[in-house]
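Residues per chain are reported as follows:
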Amino acid sequence: MQREPLAEHLRRYHHGAENAVISRELEHSFHISGKELRDLVNALRREGVPIASDQNGYFYAKTEAEVRLTIRHMRNRISGISAAITGLRRSLAAFDDSQIRLPLEGGDDS
């Protein structure tokens, strides 16, 4: 699926937080999986399309505040993921050091 139809749908029918739509409804409407939807939303956001989200779903941002709230939410998720990585790195000490360690693809092995 191309990104433009999703962006146009959100702009036209889900403009502003008060008109948010749950991902399951978008998945059904566009016959795509949850992962495909997240990938499309991510691609649109990377292009500068103001697709926002909150606990009620996705929507085309109507205000700067809606975009800023989405950014804050995403930063909180990054912090949580970073803390999980730190914990997992600490857990590595419990494993036998004699095993061969290979770096993770796209990351470091420290």
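Values in this document were obtained by computation on a predicted structure and should not be read as measured data. (Residues numbered from 1 in each chain as written. Predicted model: local features only at pLDDT ≥ 70, side-chain atom pairs only at ≥ 80, totals over all residues. Heavy atoms only, no water.)

Visitor: Looking at this structure, how should I read the overall build of the protein?
Guide: Helix and strand content of the protein: four helices and two strands. Here the C-alpha atoms of the protein give a radius of gyration of 18 Å, more than 25% beyond the 13 Å that 2.2 N^0.38 yields for 110 residues. Dimensions of the protein, computed from the C-alpha atoms along their principal axes, are close to 60 × 30 × 25 Å. The buried share of the protein, taken over its 110 residues, is 24%. The long-range share in the protein, meaning contacts at least 24 apart out of those at least 6 apart in sequence, stands at 52%. Within the protein, one finds 16 positive and 16 negative side-chain charges whose respective centroids are separated by 4 Å. (Helix = DSSP H or I, 4+ residues; strand = E, 2+ residues; numbered from the N terminus. Rg over C-alpha atoms; globule rule 2.2 N^0.38 Å. Buried < 20%, exposed > 50% of the residue type's maximum accessible area, 1.4 Å probe, protein only. Contact = heavy atoms within 4.5 Å. Lys, Arg positive; Asp, Glu negative; His and termini not counted. Charge placed at Lys NZ, Arg CZ, Asp CG, Glu CD.)

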